Amino acid sequence: MELSHMVMGPSCGLVLADMGADVIKVEPVGEGDKTRHLPGSGAGFFPSFNRNKKSIALDIKSAQGSELLSRLVGTADVFCENFRDGALQRLDLCAATLMSRHPRLIYCSLKGFLSGPYEKRTALDEVVQMMGGLAYMTGPPGRPLRAGCSVNDIMGGLFAATGVIAALFERNATQQGQLVRSGLFENNAYLVSQHMMQLAVTGRPPEPMPARQSAWAIYDVFETSESAQVFVGVVSDQQWERFTSAFGLYELASDLRLSTNRGRVEARESFMPTVRQMFAGLSKSEILTRCEEIGLPFAPINRPQDMFDDPHLKTAGGMIPLTLEDDRAVEIPALPIEMNNRRFGKRLDLPGPGQHSRAIAGDLGYTDAEIDDMLAHGVISE
């Protein structure tokens, strides 16, 4: 059961649903999850994280709705929620209450903060990026900038799903459920731990990524002859030899100072103008072709909209077909996992709000007359 909204909770449910779980999404009666109707940068939230789920639209505050929900919890292995502390306690849906009634239940709670001084605060992805150092590392000095997608929400949901799977595996031995919690702030701290360790190892605090000293001299974005941009990395001495040979940089190849990675990093300012000038004389396709031929890390600078036509994603199940609420057909990237050489695809399209209300109520033992009565009184909707 998924009683969640926005990104973090639904992303947890999505991972479990894509991998085969029967996920029932509980939405408010009427128009359903408010995430369905977000404008601007939130417009893609619902279609991104709610495939392969069934939807029941339910007034959980009503007596009949509470009873139906209680029956539904009794059929569940996992109850997943991302509401503020106290909101579900008032409805007798907190972990202590549900786990006392259902000892085998895995109760998954997705929060802004785990246990500690901050745990009562309200959090968003942007909040924890700012306070957790990620925005500082992403933007140029003095200009903290959030990452370009909901990294903490999505990864927080992924870690929650990982915890759920571990708890289900443990339940096989103990026959007991348990509480699994995942936190946005702690996820962000986990992401920036490499920068924390940089300070611990070197004694120098990390600089924001746009101003950092890279571990490699050539690890940057370069302009091409047609003013396009490409990223190229040279991360080993063997790659340096192949790079200088393939791009005709024979003078740099013969410079003994540049024969090691450390030497190249120390001398970066002396030879990078030559490298940039060389790239500026070549087309984007020439650069990408040569880099691929010699096995260098490289990338064109693409936009999210370019991913719809990416030839790699469109191969072997990398994109999943979806139908939006206005009946338009679109595609979305699949989970980045292969098992037995297959990808996880679509079993259920995006549900309409309450699309499965009648069927779910029927499976719980309600008669057609009882279901019609609940529909008439706004306890459920479809």
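To start, this report covers the structure provided alongside it.

### Brief notes about the nonpolar core
And step 1. Counting residues in hydrophobic clusters, the biggest one holds 27 residues, and the most contacted among them are V26, L58, L68 and F79.
And step 2. Counting only elements with at least two residues in this core, the list comes to β2 (23-27), β3 (53-58), α3 (63-74), α4 (95-101), α15 (357-363) and α16 (368-376).
And step 3. Looking at which element gives the most residues to this core, the answer is α3, with four residues.
And step 4. With residues near it in sequence (within four places) discarded, L58 still touches V26, E27, P28, V29, G65, L68, L69, V379 and I380.
And step 5. Counting 25 residues, the second-largest nonpolar core is a separate cluster that includes V232, L258, L282 and L288.

### Thoughts on unusual backbone geometry
And step 1. Residues other than glycine seldom take positive phi values, yet N52 does so here, at roughly 60°.
And step 2. When you line up the elements, N52 lands in the loop between α2 (45-49) and β3.
And step 3. Owing to a relative accessible area of 1%, N52 belongs among the buried residues under this scheme.
And step 4. Although it is not a glycine, D92 sits at a positive phi angle of roughly 60°.
And step 5. Look at D92 and you get partly exposed, because its relative accessible area is 41%.

### Describing helix α10 (residues 237-246)
And step 1. Every buried residue of α10 is listed here: Q239, W240, F243 and T244. The arc that holds the buried residues of α10, viewed along the axis, is 125°, so those residues lie on one side.
And step 2. Check the buried side of α10 and you find it contacts β7 (218-223), β8 (229-234), α11 (250-253), α12 (261-266), α13 (268-280) and α14 (284-294).
And step 3. Of the residues one or two after α10, G248 is the one with positive phi, at around 70°.

### Topic: a nonpolar patch on the surface
And step 1. On the surface, Y118, L124, V127 and M131 cluster together into a nonpolar patch covering about 320 Å² of accessible area.
And step 2. With a relative accessible area of 51%, L124 lands in the exposed category.

### Some words on the side chain of N82
And step 1. Looking at the secondary structure, you find N82 in the loop between β4 (78-81) and α4.
And step 2. Discounting chain neighbours no more than four positions away, the residues touching N82 are L3, S4, H5, G9, P10 and L110.

### Details of helix α8 (residues 184-191)
And step 1. Taken together, the buried positions of α8 are L184, F185, N187 and N188. Buried residues in α8, looked at end-on, bunch into an arc of 160°, giving them a common side.
And step 2. Its buried side turned inward, α8 meets α1 (8-18), β5 (106-111), α5 (125-131), α6 (134-138), α7 (151-174) and β6 (179-183).

### Comments concerning the packing of α7 against α8
And step 1. One way to put it is that α7 packs onto α8 with a least axis distance of 9 Å and a crossing angle of 100°. Taken together, the axes of α7 and α8 are roughly perpendicular relative to one another. Every residue of α8 that contacts α7 at V151, N152, D153, M155, G156 and F159 is listed here: L184, N187, N188, Y190 and L191.
And step 2. Split into classes, the residues belonging to the contact of α7 with α8 amount to six nonpolar, four polar and one charged.

### Remarks on the pattern of salt bridges
And step 1. Here the structure, examined in full by the defined rule, presents 22 salt bridges.
And step 2. The partner of E269 in a salt bridge is R268, with the nearest N and O atoms 3.9 Å apart.
And step 3. Residue R268 is classed as partly exposed on the basis of its relative accessible area, which comes to 23%.
And step 4. With a closest N to O distance of 3.0 Å, D306 and R303 form a salt bridge.
And step 5. Classification of D306 by relative accessible area gives partly exposed; the value is 26%.

Rules and cut-offs
Residues numbered from 1 in each chain as written. Predicted model: local features only at pLDDT ≥ 70, side-chain atom pairs only at ≥ 80, totals over all residues. Heavy atoms only, no water. Core = buried A, V, L, I, M, F, W, Y, C linked by side-chain atoms within 4.5 Å. Buried < 20%, exposed > 50% of the residue type's maximum accessible area, 1.4 Å probe, protein only. Helix = DSSP H or I, 4+ residues; strand = E, 2+ residues; numbered from the N terminus. Contact = heavy atoms within 4.5 Å. Arc of directions from axis to C-beta. Patch = residues over 30% accessible without salt bridge, like charges linked within 9 Å, V, L, I, M, F, W, Y side chains within 5 Å. Areas by Shrake-Rupley, 256 points an atom, 1.4 Å probe, with all protein chains shown as cover. Salt bridge = Lys/Arg side-chain N within 4 Å of Asp/Glu carboxyl O. Axes fitted to C-alpha atoms, helices over the stretch in contact; angles between N-to-C directions. Parallel < 35°, antiparallel > 145°, perpendicular 65-115°, else oblique. Nonpolar A, V, L, I, M, F, W, Y, C, P; charged D, E, K, R; others polar.

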